[in-house]
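Given next are the chains, with one letter for each unit.
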Amino acid sequence: MGTRAVTDQDFQTEVLGASRPVLVDFWAEWCGPCRMIAPALEEIAGELGEKVDIVKLNIDENPATPGHYGVRGIPTMVLFKDGRPVAQKVGAAPKGALQSWLEGELANA
């Protein structure tokens, strides 16, 4: 299925109101590490699509949501379940490390 974009305006519906876990990738166009992990997140979204939705929120275009959740550096990935943040990972990592972290958090969530 791949990743999709969310905004400050639809965050409540798309993330907080989702029926299953949602991983939010807080990113920006100018962020090299953000661009580096984007293909890995696309692949993970395809592989884990039945377990979790992966969405991307551009912090430059949507400043309210990252501010609300205390995002200070990017890339930051926050896993939401039942409308609340349950795990967070800051910084770029190889696909295997990202997927292992996410699968572990999904098992615990």
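Please refer to the structure placed before this passage.
Numbers given to residues run from 1 along each chain, matching the order in which its sequence is written. With pLDDT at 70 or above as the cut-off, local features in this predicted model cover only qualifying residues; side-chain atom pairs require 80 or more to be listed or tallied, and sums for whole chains, interfaces and linings still use all residues. Side-chain calculation: all heavy atoms of the structure are included, whereas hydrogens and water are not.

Draft legend 1. Structural view of the pairing of strand 3 (residues 53-58). Note on exposure labels: buried denotes an accessible area under 20% of the residue type's maximum, exposed denotes more than 50%, and partly exposed covers the range between, all computed with a 1.4 Å probe on protein chains only. Helix and strand labels come from DSSP, where a helix needs a run of H or I of at least four residues and a strand needs a run of E of at least two; each type is numbered from the N terminus. Within strand 3, six of the six residues are buried, leaving the element largely enclosed by the surrounding structure. By the bridge criterion, six bridges tie strand 2 (residues 22-27) to strand 3 in an arrangement that is parallel. Its bridge partner lying in strand 3, Val22 is registered against Asp53. By convention, orient the strands away from the viewer: a clockwise path from the first strand over the helix to the second makes the crossover right-handed. In the classification by handedness, the crossover that spans strand 2, the intervening helix 2 (residues 32-47) and the parallel strand 3 is right-handed. Whether two strands pair depends on DSSP finding at least two bridges between them.

Draft legend 2. Fine view of the environment of Glu42. Mapped onto the elements of the fold, Glu42 is located in helix 2. Taking the C-alpha atoms as reference points, Glu42 and Lys95, separated by 53 residues in sequence, lie 9.9 Å from one another. Beyond its immediate stretch of four places on either side in the chain, Glu42 contacts Gly2 and Thr3. In this analysis, two residues are considered to be in contact whenever any of their non-hydrogen atoms come within 4.5 Å of each other.

Draft legend 3. Broad picture of the state of the cysteines. Throughout, disulfides are identified as pairs of cysteine sulfur atoms within 2.5 Å of each other. Counted under the stated rule, the structure contains one disulfide. Here Cys31 engages in a disulfide with Cys34; their sulfurs sit 2.3 Å apart. What sets the handedness of the Cys31 and Cys34 disulfide is the S-S torsion sign, and at about 75 degrees it is right-handed. Residue Cys31 is classed as buried on the basis of its relative accessible area of 4%. For Cys34, a relative accessible area of 1% corresponds to the buried category.

Draft legend 4. Up close: the sheet that holds strand 4 (residues 76-81). In space, the five strands of this open sheet follow the order 1-3-2-4-5, with mixed pairing throughout. Unpaired on one side and paired on the other, strand 1 (4-5) and strand 5 (84-90) mark the two borders of the sheet. Between N-to-C directions, angles cover 0 to 180 degrees, with each direction set by a line fitted to C-alpha atoms, over the stretch in contact for helices. Packed onto the sheet, helix 2 meets strand 2, strand 3 and strand 4 and runs at close to 165 degrees relative to strand 2.

Draft legend 5. Seen up close, the packing of aromatic side chains. Here the aromatic set is Phe, Tyr and Trp, taking the six-membered ring for Trp, and pairing holds for ring centres within 6.5 Å; pairs whose planes are under 30 degrees apart are stacked, those over 60 apart are edge-to-face, and all others are tilted. Tallying each qualifying case throughout the model produces three aromatic pairs. Geometrically, the ring pair formed by Phe11 and Tyr69 is tilted, given 5.8 Å between the ring centres and 45 degrees between the ring planes. Note that Phe11 is positioned in helix 1 (residues 11-16) and Tyr69 in the loop between helix 3 (64-68) and strand 4, a separation of 58 residues in sequence. For Phe11, a relative accessible area of 3% translates into the label buried. Take Tyr69: its relative accessible area is 22%, and that puts it in the partly exposed class. Ring pairs connect the aromatic residues Phe11, Tyr69 and Phe80, which therefore count as one cluster. In this scheme, the term charge over a ring applies when either NZ of a lysine or CZ of an arginine sits within 6 Å of the ring centre and within 35 degrees of the ring normal. One Lys or Arg, Lys56, reaches over the ring of Trp27 and ends 4.9 Å from the middle of that ring.

Draft legend 6. Here's a closer look at the environment of Asp53. Position of Asp53 among the secondary structure elements: in strand 3. Any N or O atom pair separated by 3.5 Å or less is treated as a polar contact, with the protein-specific requirement of one donor-capable and one acceptor-capable atom, and with residues adjacent in sequence counted only for side-chain atom pairs. A polar contact of 2.6 Å, which involves the side chain of Asp53, links it to the side chain of Arg20.

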